[in-house]
Structure formats: C-alpha cells, structure tokens
Amino acid sequence: MEQLEYEIHKSSETPKYKKLNEILLYWINSTLIRKSQVVRDLCEDLADGQILAAFLEQIVGETIPNTVRVTTDKSKRVNLSAVLRFIETKLNIPSNGKWSLDGILNKDYSSILRLLVDLAHSLKCPYSLPSDISIAVTIIEKISTGGVKKKTTVHKITEDELIFQNNEAAALAIPQDEEIKPESVSTGDKFEEIFLDAEKIDQLTNILTEFVNSNLSELGITIEDIGNDFHDGVKLIFLLGILGEFFVPLYLYKMEPKSTDDKIQNVRTALQLMDDLDIDVDGIHINDIVNKDKKSNCKCLYSIFLVFTEETEPT
C-alpha cells in the first residue's frame, strides 16, 4: 500500500448533510471568534489537531497537555494523538471505532464528522443537529504496481438527535446567511478608524514600510509592498526575531515555502510568536495574510508596531 485517499460520494451531499456541515462550522467558528483561526473546511482544517485543540481549550477552559507545534508529518501525528487522548481520557468520549487517528490525519470525512458529532453531544452544542444522516465514503488505495483499489462503505453520522437535544438547543438555530469572519472580532477601534480614511491608510502604509525596512535592513532585506511581501510568512518571522532579539529555529518554518500549506504554516508560526510576545493577534487571519489581503497585513504589522515603537501614528 502506498497511499490512502478518501472521497465522499456526491449522492451523500444531501441538504441534511450540508446543514450538518454548516452547523458544525458555525459552532467551531463562533467558539474561536477571539482567536486568529477560522475554519473553512472541516476535513482540511482540523486534520492536524491544532485548531481542534484551540476549539476544545476554549470550550472546556483547560490546556491540552503534550500538544506540539505542527511543522512535519510526524509532529502532526504527535499533536493529534495528544488531542484525541484528551478527548478520550479527560472528556470521557470513547471512539468506539467511529473515528481514529489515521482516519482524521488522512482527512476521512466519516472520522472527522463522527468525532465532531460526539463532541457536540458531550459538550452540549447549543445548536440542534439534523437526525439520521449517513454518508458513503470511498477509500482509494494506491498500490505499488500503479493501480488502485477502491472500497465504498456507508457510515452513520447522526442518529435520532432529539435524544441528545436539550431545551436550549431546541430553541436555537444558527443565524441565516451569517458567516463568522475574523473581521467580526474587534481588533482595535483606532486601527479600524484609520482604515476608513484613504489618506490615513497611505500614511499608515508609509509608516509601517519605514518601520519594517529599518529593522530588516540588517539582513539586507527591503520590502516594497506590505500586501504582497509578507504572504509567505518568512519576512514576518525574520522581523519578529530581530525585534524580539531571538533566533527562530529553522525547523519551525520553511525558509523557501513551495506550497500554500508551507505558507500557511509559516504564518501560523509567526502568529504564535506574536502571541508569545504579547502582541495582539485578534482579527488577524492566517489565510488573509497568505492571500495578500492588504488590510490584514497592515493590521498584523500595526500590532507589532504598537509594541516595538513609540513613533508617531497617523492622526
């Protein structure tokens, strides 16, 4: 066996399935609204355990022990193992064969959905889940001879959810047409006020560009476009290392990121460093920085600027 992939059958994507996905996304994102993470895809975003850990810690008010920063496939496994151990031993939620470490790591829809449904039952999700959902998942096994083997199985995701529903959940529905966005979080009225004025935006951009270049100059680095030059996280990590007077080990980030995942991991590392330095990361969303959103990049640099300088801000 060389590789396993999981595909959900289109026939499984019923209105009830889509509703379940929507409710779980809303529950997670509304819980993480004070964090810098926003989940857009349950399978992709929860597979390494980092966001899952942040979500659980926010709900239960405890730090999950033995979690690590995710930089390699090995660290993903170590991190997710710690999270699942916490779920089974601390929260007393057994897997009973419904979800597994390998299934979640390999982005198996049934493993991740059934784990989240178990969490919703145990942690009293305030939103009622749709009942009697099953999905068909095909496991695609790529073999050494170059061929593939396929096996399709049907997995029951929810049961009669009225059994688990409390009175509060019965009365709650997620707000229609509302998406949890990092902009929903207040990240400082002063910054938001600046970004409503085109002239002040130009002033702030000039101030931040000068601030960054004055510090990165010792590495022979010059930035020209705040929106574009930080999207892979490398210069952001360099800047934080210089300002904080510490060396960031090379195993924590990719010096030459080649994929979007590499860039996301770099920016995630930068935000973790900012948090360690007590720099406000509220409302700074990883994907927006990677996608070269100027406002998010300015917000990130502005937060750093406020901590490490007393220079004049736009008035």
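Above this note sits the structure.
The residue count restarts for each chain, going from 1 along the sequence in the order it is written. Under the rules for a predicted model, residues below a pLDDT of 70 receive no local features and side-chain atom pairs below 80 are neither given nor counted, while totals for whole chains, interfaces and linings still include all residues. To get the side-chain values, take all heavy atoms of the structure and skip hydrogens and water.

Caption draft 1: Expanded view of the overall build of the protein chain. Only runs of H or I of at least four residues qualify as helices and only runs of E of at least two qualify as strands under DSSP, and these elements are numbered from the N terminus. If you tally the helices and strands in the protein chain, you get 14 helices and three strands. For every residue, the accessible area obtained with a 1.4 Å probe (protein chains only) is divided by the maximum for its type, and the residue is called buried under 20%, exposed over 50%, and partly exposed between those limits. For the protein chain, the residues scored as buried account for 49% of the 315 residues in total. The method behind every accessible area is Shrake-Rupley, applied with a 1.4 Å probe, and residues are considered shielded solely by the protein chains displayed. On the protein chain, roughly 16000 Å² of surface is accessible, and the fraction owed to carbon and sulfur atoms is 46%.

Caption draft 2: Just the nonpolar core, in detail. In terms of nonpolar packing, the biggest core is built from 45 residues, with W27, L42, L52, L56, I87, L116 and L119 touching the most fellow members. The set of elements that each furnish at least two residues to this core consists of α1 (15–31), α2 (42–46), α3 (50–60), α4 (73–90), α5 (101–105), α6 (109–122) and β2 (134–142). The element contributing the most residues to this core is α1, with eight residues. Residues enter a nonpolar core if they are buried and are Ala, Val, Leu, Ile, Met, Phe, Trp, Tyr or Cys, with the set joined through side-chain atoms within 4.5 Å. Within the second largest apolar cluster, 40 residues are counted, among which are F230, I237, L239 and L273.

Caption draft 3: Looking closely at α4. Over its 18 residues, α4 extends 25 Å from the first C-alpha to the last, a length consistent with the 26 Å expected when each residue adds 1.5 Å. Taken together, the buried positions of α4 are S75, N79, L80, A82, V83, L84, F86 and I87. Contacts from the buried residues of α4 go to α3, α5 and α6. Count one or two residues on from α4 and you reach N92, which has phi positive near 55 degrees. Given a helix with a known number of residues, its expected span is that number minus one, times 1.5 Å. We call two residues in contact whenever any of their non-hydrogen atoms come within 4.5 Å of each other.

Caption draft 4: The arrangement of the pairing of β2 in detail. Summarising the sheet, β2 and strand β3 (residues 148–156) pair through nine bridges and their orientation is antiparallel. What sits directly across from E141, in β3, is K149. Hairpin connection of β2 to β3: five residues between the antiparallel strands, including G146 at a positive phi of 100 degrees. Any two strands with at least two DSSP bridges between them are considered paired.

Caption draft 5: Representation of unusual backbone geometry in the model. One non-glycine residue, N66, adopts positive backbone phi at about 70 degrees. Checked against the element boundaries, N66 lands in the loop between α3 and α4. One non-glycine residue, K107, lies in the positive phi region at around 65 degrees. Mapping K107 onto the fold places it in the loop between α5 and α6.

Caption draft 6: Up close: the packing of helix α11 (residues 234–244) against helix α14 (residues 294–308). The axes used here are C-alpha line fits, helices contributing only the stretch in contact, and every angle between their N-to-C directions lies in the interval 0 to 180 degrees. Two elements in contact, α11 and α14, have axes whose closest approach is 12 Å; the angle formed by their N-to-C orientations is 5 degrees. Classed by the angle they form, the pair α11 and α14 counts as roughly parallel. Contact with α11, carried on its side by L236, L239, L240, L243 and G244, involves C300, L301, I304 and F308 of α14 and no other residues of that element. Gly falls in the polar group here, along with every residue not listed as nonpolar (Ala, Val, Leu, Ile, Met, Phe, Trp, Tyr, Cys, Pro) or charged (Asp, Glu, Lys, Arg). Split into classes, the residues belonging to the contact of α11 with α14 amount to eight nonpolar, one polar and no charged. Any angle that falls under 35 degrees is termed roughly parallel, while one over 145 is termed roughly antiparallel, one within 65 to 115 roughly perpendicular, and all others oblique.

Caption draft 7: Representation of the pattern of salt bridges. Basic side-chain nitrogens of Lys or Arg form a salt bridge, by our definition, when they fall within 4 Å of a carboxyl oxygen of Asp or Glu. Tallied over the entire structure, the rule returns seven salt bridges. The partner of K98 in a salt bridge is D118, with the nearest N and O atoms 2.9 Å apart. Pair noted here: K98 is in the loop between α4 and α5 and D118 is in helix α6, with a separation of 20 residues, a long-range link. Residue K98 is classed as partly exposed on the basis of its relative accessible area, which comes to 25%. Among the residues examined, D118 registers a relative accessible area of 12% and is labelled buried.

Caption draft 8: The side chain of N215, seen in detail. With respect to the helices and strands, N215 occurs in helix α9 (residues 198–216). Those residues in contact with N215 that sit more than four places away from it in its chain are L239, I242 and L243.

Caption draft 9: Broad picture of the packing of aromatic side chains. Any pair of Phe, Tyr and Trp rings, taking the six-membered ring for Trp, is counted once the centres come within 6.5 Å. Such a pair is stacked with planes under 30 degrees apart, edge-to-face with planes over 60 apart, and tilted for the rest. For the coordinates displayed, the defined rule picks out four aromatic pairs. Residues W27 and F55 carry aromatic rings whose centres are separated by 4.9 Å and whose planes lie at 85 degrees to one another, so their mutual orientation is edge-to-face. Here F55 lies in helix α3 and W27 lies in helix α1, a separation of 28 residues in the sequence.

Caption draft 10: Local environment of the side chain of D108. Mapped onto the elements, D108 comes out in the loop between α5 and α6. When charges are tallied, Lys and Arg are placed among the positive residues and Asp and Glu among the negative ones, while His and the ends of the chain are skipped. No salt bridge is formed by the buried D108. Its closest oppositely charged neighbour is R114, at 5.9 Å. In the analysis that follows, any N or O atom pair within 3.5 Å is treated as a polar contact, provided that within protein one partner can donate a hydrogen and the other can accept it, and provided that, for residues neighboring in sequence, both atoms belong to side chains. In this structure the side chain of D108 is engaged in a polar contact, spanning 3.0 Å, whose partner is the side chain of S110.

Read these as spatial facts, not as claims about activity.
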